[in-house]
Amino acid sequence: MPTHTKVSRIIREDMTPYTLSTDWETDAIVERRERYYAASQRAFVPYNTPLIFKRGQDQYLWDEKGNQYLDCLSQNLCVSIGYNNPAVTAAVQFQAEQIQHCTTMFFHPVPAHFAEELTRKFPEDEQWVVHFMNSGAEAIDFALLLARSHTRNNDVISLNNSYHGATFGAQSITGISNFRHNVSLLNGIQFTSNPDQYRGIHGPGVQPYLDDLDRTIYHGTSGQIAGMFIEPVQGYGGIVPLPDGYLCGAFERIRAAGGLCIVDEVQAGFGRTGEHYWSFARHDVVPDIVVLAKGIGNGYPLGAVVAKRHIAEAMADKFYFNTYGANPVSCSAGRAVLRVIDQCGLIDNARQVGAAMLNVLKKMALKHDIIGDVRGRGLMMAAELVKDKQTKEPAVEEMHRLFQLTRKHGLVASKSGAHKNVLRICPPLCVQMEDIPFFEQAIENSFAEL
Ligand code: PMP
């Protein structure tokens, strides 16, 4: 048999259309997007004027006119170890040249290697297995199905102010109305109060929130539950870290009601909190199911559900197939991500540089009354803006203006939280101490101009 077909011979002879066919003219980019993107894909645009990115390197981005930015958002925490990371680029390029896809109907070693390497990052005294998919929401849906299949219970609990994704299943367990559509979502979902130490309904503390969880189980479910979903640091909810003691107490209650403890590490995983690989680890608990996505592939589409082996066995006899699940190119990127995090000490880096960035926000809070709270863990931090420190009324319009100003001063950040009054700072894990002076100046200038 020949090794090349006519098609690839024709393309190799003239690669020009494949490398030069992109129109980078600003108006044309905007127009084409307006004309051809569905409203659902167009609508989420945070800046007043379009921000177009042409290139990224490590923690820096350049727009189409050549302006440079310090990235403090990592494409919504996807680009975990930085743009154009040479290890990821090499791994992806190598794999793409071998085979670009191989479904799990057939066998390929790369995803299996990745599964092995990933499970080695989990607590040793359990046997862990992995199901790969393509996105966070898809992984959340699967975790939900798995919990219900394994326990044969239906009721699921989630936290107020949580975000777990946009599919029907993930929306159903998302506790912010902005992210839920006015349609019939899944049944059997109950929400419980969020132990938010700044804004929570019981104020600071843990026990009142655990008491609420008891009440939710008692009054809102049959008493037998499938599980509870928790982000140890809420992301879209506005960087809300769980207080120490909550996760452990919640796990006890969930397990007593027959449920599984499911941790969503989509934003807070892969060393971002600067302490461990997983943000649940500081709470001294071992979940039953862990949902991963975003930073796992440094931007390549990838999600994963990591579960205790005996739990995942519940689906051994049922068909569940993601055509793109375990794509070898994405899994090659994932392998490179793990290796770079370890090789370059990026968890320590997240802790150290994160502390320095948080310090900048704290200094700013001393100068500007509009900052009601500064919080974070590692490279996942936030400043929450309020009109009044007593009432904590969200300063929504001010946040919107501040957000535009951060762009003007060279930062790409995000506004998040249920009220969109939280400045969220989540740079790639490779951000350096040398970036701090620029970061500080940009934050200072933005607040001063506000
Ligand atoms: N869980 C969390 C905590 C998230 O932040 C997100 C995405 N922002 C998701 C799940 C869903 O991931 P995806 O957008 O890849 O579906």
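The structure under discussion appears in the preceding block.
An account of the accompanying structure is given in this report. Just so we're clear, the structure is a prediction, and the values are computed from it rather than from any experiment.

Definitions and cut-offs
Residues numbered from 1 in each chain as written. Predicted model: local features only at pLDDT ≥ 70, side-chain atom pairs only at ≥ 80, totals over all residues. Heavy atoms only, no water. Helix = DSSP H or I, 4+ residues; strand = E, 2+ residues; numbered from the N terminus. Contact = heavy atoms within 4.5 Å. Lys, Arg positive; Asp, Glu negative; His and termini not counted. Charge placed at Lys NZ, Arg CZ, Asp CG, Glu CD. Near = heavy atom within 4 Å. Polar contact = N/O pair within 3.5 Å; in protein donor to acceptor, adjacent residues only side chain to side chain. Salt bridge = Lys/Arg side-chain N within 4 Å of Asp/Glu carboxyl O. Buried < 20%, exposed > 50% of the residue type's maximum accessible area, 1.4 Å probe, protein only. 1 Å grid on protein atoms, 1.4 Å probe; cavity = no way out; pocket = protein on both sides within 12 Å on 5 of 7 lines; lining within 4 Å. Points joined across faces, edges and corners; volume = space filled by probe spheres on them. Nonpolar A, V, L, I, M, F, W, Y, C, P; charged D, E, K, R; others polar. Expected span 1.5 Å × (residues − 1). Arc of directions from axis to C-beta. Pairing = 2+ DSSP bridges. Axes fitted to C-alpha atoms, helices over the stretch in contact; angles between N-to-C directions.

### With respect to the overall build of the protein chain
Looking only at helices and strands, the protein chain features 16 helices and 17 strands. With respect to the three principal axes, the spread of C-alpha positions in the protein chain is 70 × 60 × 45 Å. For the protein chain, the proportion of contacts with a sequence separation of at least 24, taken over those separated by at least 6, is 71%. For the protein chain, the distance from the average position of its 42 positive side-chain charges to the average position of its 48 negative side-chain charges is 3 Å.

### Some remarks on the site of the ligand
The full set of residues close to the ligand is S135, G136, A137, Y163, H164, G165, E231, Y236, D264, V266, Q267 and K294. One nitrogen or oxygen atom from the side chain of Y236 is found 3.4 Å from a nitrogen atom belonging to the ligand. At 2.8 Å from an oxygen atom of the ligand is found a side-chain nitrogen or oxygen belonging to Q267.

### Describing the pattern of salt bridges
A complete count under the given rule lists 23 salt bridges for this structure. Among the salt bridges present, the one from R42 reaches E34, with a minimum N-O distance of 4.0 Å. Assessed through its relative accessible area of 27%, R42 is described here as partly exposed. Among the charged side chains, a salt-bridge network with shared partners connects E126, R255, D288 and K308.

### A look at the layout of surface pockets
Reported here for the second largest pocket is a volume of approximately 850 Å³. In terms of lining, the second largest pocket is formed by 28 residues, of which the most central are T104, V130, H131, F132 and Y320. For the lining of the second largest pocket, the secondary structure elements donating two or more residues are α7 (109-119), β4 (128-133), α8 (136-151), β12 (303-308) and α12 (309-312). With four residues, the top contributor of residues to the lining of the second largest pocket is β4. Looking at side-chain class alone, the lining of the second largest pocket contains 19 nonpolar, six polar and three charged residues.

### Here we look at helix α16 (residues 436-449)
Taking 1.5 Å of rise per residue, 14 residues should cover 20 Å, and α16 covers 20 Å from first to last C-alpha, within 8% of that figure. Buried within α16 are the following residues: I436, F439, E440, A442, I443, S446 and F447. Viewed end-on, α16 has its buried residues packed into an arc of 165°, placing them on one side of the element. Turned more than 90 degrees off the buried face of α16, the exposed positions are P437 and A448.

### Quick notes on empty space enclosed by the protein
Per the stated rule, a full pass over the model turns up one cavity of 30 Å³ or more. Of the pockets and cavities examined, the largest cavity occupies roughly 50 Å³. Taken together, L77, S80, E265, V266, Q267, G269, F270, R272, G295 and L429 form the lining of the largest cavity. Looking at side-chain class alone, the lining of the largest cavity contains four nonpolar, four polar and two charged residues.

### Focus on unusual backbone geometry
Although it is not a glycine, D284 sits at a positive phi angle of roughly 60°. Take D284: it is sitting in the loop between β10 (260-264) and β11 (289-292). Phi at K420 is positive, roughly 55°, even though this residue is not glycine. For K420, the position within the fold is in the loop between β16 (414-416) and β17 (422-425). When its relative accessible area of 42% is taken as the criterion, K420 is described as partly exposed.

### Description of the side chain of K294
Relative to the helices and strands, K294 resides in the loop between β11 and β12. Of the buried charged residues, K294 lacks a salt bridge, with D264 as the closest side chain of opposite charge at 8.7 Å. For K294, the contacting residues outside a window of four places in its chain are N76, L77, C78, Y236, V266, Q267, G299 and L302.

### Some details on the environment of M364
Tracing the sequence through the fold places M364 in helix α14 (residues 346-367). Judged by its relative accessible area of 0%, M364 is buried. Distance in space between the C-alpha atoms of M364 and E444 is 7.1 Å, their sequence separation being 80 residues. In contact with M364, other than residues within four places in its own chain, are I371, I443, E444 and F447.

### Considerations on the sheet that holds β10
The strands making up a sheet associate through hydrogen bonds between their backbones, and the pairing can be parallel or antiparallel. What the seven strands build is an open sheet, ordered β4-β12-β11-β10-β7-β5-β6; its pairing is mixed. Strands with a single pairing partner mark the edges of an open sheet, and in this sheet they are β4 and β6 (189-192). Across the sheet, the mean angle separating the axes of adjacent strands is 20° when strand polarity is ignored. Across three bridges, β10 lies against β11 in parallel orientation. Across the sheet, V263 pairs through a bridge with V290, a residue of β11. Across the sheet, helix α11 (residues 246-256) lies against β5 (155-159), β6, β7 (225-230), β10 and β12, angled at about 165° from β7, the strand it touches most.

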